[in-house]
Amino acid sequence: MAPGVLEWPGHGTWGTMEVLDNQHLSIGGCDVVELANQFGTPLFVYDVEWVRQRIRGILQAVKRSNLNVRVSYASKAFCTVAVCQLVHEEGLGLDVVSGGELYTALQAGVPASDIHLHGNNKSWAELEFAVSSGIGLIIVDNFVELDMLSEVADKLEKDVSILLRISPGVEAHTHEFISTGQQDSKFGFDLESGQAEDVLTQLGDYPRLHCVGLHSHIGSQIFEPQGFTAAVFRMVELYRDGLALGLPLKILNLGGGFGIRYTSGDRPLAFDVYMDAIETALTEACRRQGVQVPEVWLEPGRVIVGPPGTTLYTVGTQKSVPGVRNYVSVDGGMTDNPRLALYGAKYEAVLANRMDEAWGNHWLRGGVEGSGSTKLVNRPLRDETGVPTPHEAKTLVLHANKMPVMGDTGVNGVLDNAHGQSEGSSLERWSVAGKCCESGDMLIWDATLPHPKQGDVLAVFSTGAYNYSMASNYNRNPKPAVVFVENGNPTVVVERETWADMVRQDRPLY
Ligand SMILES: Cc1ncc(COP(=O)(O)O)c(C=O)c1O
Ligand SMILES: N[C@@H](CCCC[NH3+])C(=O)O
């Protein structure tokens with residue numbers, strides 16, 4: 001592959017990723033093969049510049065709307081001290097969902113007033129911690145919590161601002177395990193059964209709790225705005241009822257859920273599209289209900305940190321099941337990425353030390369004249385957050401009719417569709433397995449790779465959200481290190497766990 005900037009067809013360049021002269025993948029100006037050597041694998045690598053760009057893109061889209069919008073990062077997607085500092089520095093508030101996330105955000109120096117707390121089963125200790133820290137808001141999920149929070153507020157003699165989490169009865173088109181707005185959900189006061197109206201009328205019994213708004217979150221990895229607009233119309237009706245009861249409502253929090261690209265089958269929307277749809281729906285809903293347009297709060301998680309995260313693994317053993325499939329195993333797996341096992345999630349990957357063979361024609365490259373079916377274009381490239389990529393001026397793209405088909409179709413689609421470009425190509429279909437004692441411990445069922453060799457570095461893309469944060473120690477595998485890269489500098493922001501860490505909390509029986 002000619003050295004230069006990487007682009008994914010139809011998705012713009014991929015952060016700061018480049019192919020170096022030595023045919024290694026580079027992120028944030030760092031050769032990832034060197035990162036793997038220096039810090040070991042599995043390794044989470046975050047492209048910091050890209051995180052910044054994505055946040056700025058979201059904030060610009062928000063600014064372009066006529067709404068008063070506040071954006072908080074949903075730290076459940078990836079919560080460490082460093083990322084809390086980064087997103088706060090870029091102007092976001094923090095949405096936390098546990099005492100641990102709250103503690104992390106506070107340790108990062110985020111003022112408590114810029115944080116709000118979620119959770120469908122907050123403990124007394126978590127509520128006490130949140131209230132005594134002076135947290136900005138608590139999103140109350142159910143009647144039991146309302147009583148408990150009121151007792152905490154009385155005990156600490158503090159007033160608390162709250163939002164009510166409402167389950168608006170909107171089904172987002174996403175995996176059922178990450179859909180949350182439907183009536184049959186463990187989250188929030190249910191709108192359809194009248195629970196949500198009931199709670200509004202009961203708030204007068206809790207003088208220390210000040211309900212300043214309503215919250216709904218319909219799900220995650222969503223690719224269409226209709227779910228948000230449907231939620232807006234339902235929530236504004238309830239909002240009107242709350243105002244009529246004299247509640248000091250001013251906020252409508254619509255949660256997160258904005259989808260990202262994992263594979264070429266995914267079609268993320270530009271953030272402007274969501275904002276336009278929300279603005280139009282909210283303006284109309286408020287006009288119909290005769291209420292002032294509230295402040296809008298958003299809580300994106302995945303869309304901020306998902307694509308900028310890449311996981312590096314070292315290739316280990318292989319096994320061929322004749323006529324069935326080829327397995328290649330790496331030194332991580334469901335312990336650092338349980339998303340295939342949980343949701344059937346799909347990913348794309350390359351051998352980062354052999355980019356000349358990697359996907360030959362999937363990656364598009366810029367800055368260097370290509371050959372064959374490539375052509376030079378000059379068009380604005382924007383990722384889904386709307387940010388013009390730094391390399392927008394000069395990027396080589398393939399002819400559209402020769403675009404390989406990825407994702408569901410797997411390697412056959414790729415090789416068949418890629419015409420002459422794949423002639424002589426050594427690309428093969430590989431099933432990438434983890435190292436856990438579990439058949440379902442797979443990372444990618446149908447990866448398109450050149451024949452992998454022991455010691456190769458496999459880079460799996462778009463692993464920045466809900467991977468490290470859902471990592472486990474299954475089989476007593478230590479959690480990987482996390483490295484932030486920016487301007488050629490790698491910074492370890494989470495140390496690799498050790499085998500000794502695995503027994504640190506253990507107490508011997510004898
Ligand atoms: C209440 C709430 N807010 C925000 C988010 C963040 O979602 P996403 O990472 O899809 O933007 C979630 C997770 O789905 C959530 O449950
Ligand atoms: N963990 C899920 C998202 C859950 C969102 C939190 N409500 C995922 O990996 O896609």
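None of the values given here were measured: they were computed from a predicted structure.

J.: So what exactly am I meant to see when it comes to the overall build of the protein here?
T.: If you tally the helices and strands in the protein, you get 13 helices and 25 strands. Split by element, the accessible area of the protein, about 20,200 Å² in all, is 49% carbon and sulfur.

J.: Would you mind showing me how to read the site of ligand 1 here?
T.: Taken together, 15 residues lie around ligand 1, and His-217, Ser-220, Glu-299, Arg-302 and Tyr-466 are the ones closest in. Within the contact set of ligand 1, a nitrogen atom lies 2.7 Å away from a side-chain nitrogen or oxygen of Glu-299. Gly-301 places a main-chain nitrogen or oxygen 2.9 Å from an oxygen atom of ligand 1. Summarising the interface, the protein chains cover 93% of the accessible area of ligand 1, which totals 390 Å² for the free molecule.

J.: When you look at the site of ligand 2 in this model, what are you seeing that I'm missing?
T.: Around ligand 2, the structure places 7 residues, and the nearest of them are Arg-302, Arg-339, Tyr-343, Tyr-466 and Met-470. Arg-302 is positioned such that a nitrogen or oxygen atom in its side chain is 2.7 Å from an oxygen atom of ligand 2. Protein burial of ligand 2: of its 310 Å² of free accessible surface, 84% is covered by the chains. Of the residues assigned to the shell around ligand 2, the class counts are 4 nonpolar, no polar and 3 charged.

J.: Before we go on, may I ask you to explain the pattern of salt bridges in this structure?
T.: Any two side chains of opposite charge can pair if their charged atoms end up close together. Under the counting rule described, the total for this entry stands at 18 salt bridges. Residue Arg-52 is joined to Glu-486 by a salt bridge in which the shortest nitrogen-to-oxygen separation is 2.9 Å. Placement of the pair is Arg-52 in helix H2 (residues 48-64) and Glu-486 in strand S24 (residues 481-486), with a sequence separation of 434 residues. When sorted by exposure, Arg-52 lands in the same class as Glu-486, which is buried. Close ionic contact of Arg-287 with Glu-284 constitutes a salt bridge, the shortest N to O distance being 2.8 Å.

J.: For this particular structure, what's the right way to read the UniProt feature "modified residue: N6-(pyridoxal phosphate)lysine" (unreviewed entry) in the protein?
T.: Those places that UniProt annotates as "modified residue: N6-(pyridoxal phosphate)lysine" (unreviewed entry) correspond, in this numbering, to Lys-76. Along the chain, the position of Lys-76 falls in the loop between strand S6 (69-74) and helix H3 (81-89). In this structure Lys-76 comes out as partly exposed when scored by relative accessible area, which is 28%. In contact with Lys-76, other than residues within four places in its own chain, are Asp-95, Val-97, Glu-101, Tyr-466 and Ser-469.

J.: Any chance you could explain the UniProt feature "binding site: pyridoxal 5'-phosphate" (unreviewed entry) in the protein here in plain terms?
T.: The feature "binding site: pyridoxal 5'-phosphate" (unreviewed entry), as given by UniProt, occupies Gly-257, Glu-299, Pro-300, Gly-301, Arg-302 and Tyr-466 in the numbering adopted here. Within the secondary structure layout, Gly-257 lies in the loop between strand S13 (251-253) and helix H9 (271-289). Of the residues examined, Gly-301 reaches a relative accessible area of 5% and is grouped as buried. With sequence-adjacent residues up to four places away left out, Gly-301 is seen in contact with Tyr-73, Ala-74 and Ala-77.

Criteria and thresholds
Residues numbered from 1 in each chain as written. Chains lettered and ligands numbered in written order. Predicted model: local features only at pLDDT ≥ 70, side-chain atom pairs only at ≥ 80, totals over all residues. Heavy atoms only, no water. Helix = DSSP H or I, 4+ residues; strand = E, 2+ residues; numbered from the N terminus. Areas by Shrake-Rupley, 256 points an atom, 1.4 Å probe, with all protein chains shown as cover. Near = heavy atom within 4 Å. Polar contact = N/O pair within 3.5 Å; in protein donor to acceptor, adjacent residues only side chain to side chain. Nonpolar A, V, L, I, M, F, W, Y, C, P; charged D, E, K, R; others polar. Salt bridge = Lys/Arg side-chain N within 4 Å of Asp/Glu carboxyl O. Buried < 20%, exposed > 50% of the residue type's maximum accessible area, 1.4 Å probe, protein only. UniProt positions renumbered as here; feature names shortened; annotations may be inferred. Contact = heavy atoms within 4.5 Å.

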